[in-house]
Amino acid sequence: MRLLEGKTVLVTGGSTGIGRAAAIGAAQHGANVAINYASSDDKAASCIAEIEALGQKGLAVKGDVALPETASDFVAQAVDAFGRVDVMVSNAGICPFHAFLDMPAETFERTQRVNMHGAYYMCQAAARQMVAQGDGGAIVAVSSISALVGGEYQTHYTPTKAGVHSLMQSAAIALGRHGIRCNSVLPGTILTEINKDDLADADKRRYMESRTPLGRLGQPEDLIGPIVFLASDMAAYVTGAALLVDGGMFVNLQ
Ligand SMILES: NC(=O)C1=CN([C@@H]2O[C@H](COP(=O)(O)OP(=O)(O)OC[C@H]3O[C@@H](n4cnc5c(N)ncnc54)[C@H](O)[C@@H]3O)[C@@H](O)[C@H]2O)C=CC1
Ligand SMILES: C[C@H](O)[C@@H]1OC(=O)[C@H](O)[C@@H]1O
């Protein structure tokens, strides 16, 4: 069953990792897909090629999500290309691991701006378009298990993920009257560029695997089902929800 047939789906940070999987997953489910991307034209082009090979339309728009104008530009270009916006997947994020006591102010501030401000501006720009269209929509934010638990080298990062989770809860209230649903996914440890260096430490990787009841770390494709479901009409009565996608890591205390 194709759950997003005929819809227009926007994905931030869509050229790699979870965002790329979400973009391609949306195309597999019948959507036309616009991706925002930060830097690599080649990776963005190869993602669009995969979307088009599935018979869907694709659009790549470069821009730094930390800037408010990137969000309005992304939405405007998607509307120019596809006529409307049905779904925003707010996914772009960074996690430059660093100790708390000597955290450089610029690392802290950049992490806030990309992860938190970026999500805010993107969700707001998409919501404005959906309200103008007048027939609802869906926003899915990629938060994290880190919204619920801490990380020694993530004191700048985990508050942004808690913030994104909270943003979806408040936006669900603000936008419910417009038929716009707002939910988040909370991935556990997923093997992507963001943690490649961290998990190059074999002991750390084994430890994270051992914390996961399903016995393996996640792949970006593990997020396709949860994101597509929340974006789709199957989730028509789901808003303000947060869905852990972590192989059971969060509940595994002892
Ligand atoms: N990999 C993991 O274990 C987990 C990841 N997440 C979240 O998933 C999201 C995606 O990350 P991953 O796919 O894991 O890693 P990734 O590094 O492959 O993806 C992040 C994407 O965001 C883009 N990006 C970064 N800064 C940007 C900016 N200023 N403007 C536009 N795009 C920007 C990157 O270019 C990249 O495509 C992030 O928000 C991350 O916090 C959440 C929980 C776990
Ligand atoms: C980047 C980390 O490996 C990853 O990011 C998250 O949000 C997860 O909690 C992991 O710590």
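Residues numbered from 1 in each chain as written. Chains lettered and ligands numbered in written order. Predicted model: local features only at pLDDT ≥ 70, side-chain atom pairs only at ≥ 80, totals over all residues. Heavy atoms only, no water.

Draft legend 1. Broad picture of the pairing of strand S3 (residues 58–62). The pairing of strand S2 (residues 32–37) with S3 spans 5 bridges and is classified as parallel. Looking across to S3, one finds that Ala 34 is bridged to Leu 59. (Pairing = 2+ DSSP bridges. Helix = DSSP H or I, 4+ residues; strand = E, 2+ residues; numbered from the N terminus.)

Draft legend 2. Local environment of the UniProt feature "domain: Ketoreductase" (unreviewed entry) in the protein chain. Here, the residues flagged by UniProt with the feature "domain: Ketoreductase" (unreviewed entry) are residues 7–193. The span residues 7–193 is 47% helical and 18% strand by assignment, and the distance between its end C-alpha atoms comes to 29 Å. (UniProt positions renumbered as here; feature names shortened; annotations may be inferred.)

Draft legend 3. Molecular detail of the sheet that holds strand S4 (residues 87–90). Strand order in this open sheet of 7 strands is S3-S2-S1-S4-S5-S6-S7, and the pairing throughout is parallel. The outermost strands of the open sheet, each flanked by one partner alone, are S3 and strand S7 (242–245). Geometrically, the sheet is characterised by an average inter-axis angle of 15° between neighbouring strands, direction not taken into account. Sheet topology places strand S1 (residues 8–11) next to S2; 4 bridges connect them, and they run parallel. Note on S2: the bridge partner recorded for Val 9 is Val 33. Most of the contacts of helix H4 (residues 105–133) go to S4, to which it runs at about 180°, and overall it touches S2, S4, strand S5 (137–142) and strand S6 (180–187). (Axes fitted to C-alpha atoms, helices over the stretch in contact; angles between N-to-C directions. Contact = heavy atoms within 4.5 Å.)

Draft legend 4. Local environment of empty space enclosed by the protein. All chains considered together, the criterion is met by 1 cavity of 30 Å³ or more. Space inside the largest cavity adds up to approximately 30 Å³. Forming the walls of the largest cavity are Ser 90, Asn 91, Ala 92, Asn 115, Ala 119, Val 142, Lys 161 and Val 164. Residue composition of the lining of the largest cavity, by class: 4 nonpolar, 3 polar and 1 charged. (1 Å grid on protein atoms, 1.4 Å probe; cavity = no way out; pocket = protein on both sides within 12 Å on 5 of 7 lines; lining within 4 Å. Points joined across faces, edges and corners; volume = space filled by probe spheres on them. Nonpolar A, V, L, I, M, F, W, Y, C, P; charged D, E, K, R; others polar.)

Draft legend 5. Just the site of ligand 2, in detail. Taken together, the neighbourhood of ligand 2 is formed by Cys 95, Phe 97, Ser 144, Ile 145, Ser 146, Gln 154, Tyr 157, Gly 188, Ile 194 and Asn 195. Within the side chain of Ser 146, an N or O atom sits 2.5 Å from an oxygen atom of ligand 2. In the model, an oxygen atom of ligand 2 is placed 3.0 Å from a nitrogen or oxygen of the Gln 154 side chain. Here the residues of the shell around ligand 2 are counted per class, giving 5 nonpolar, 5 polar and no charged. (Near = heavy atom within 4 Å. Polar contact = N/O pair within 3.5 Å; in protein donor to acceptor, adjacent residues only side chain to side chain.)

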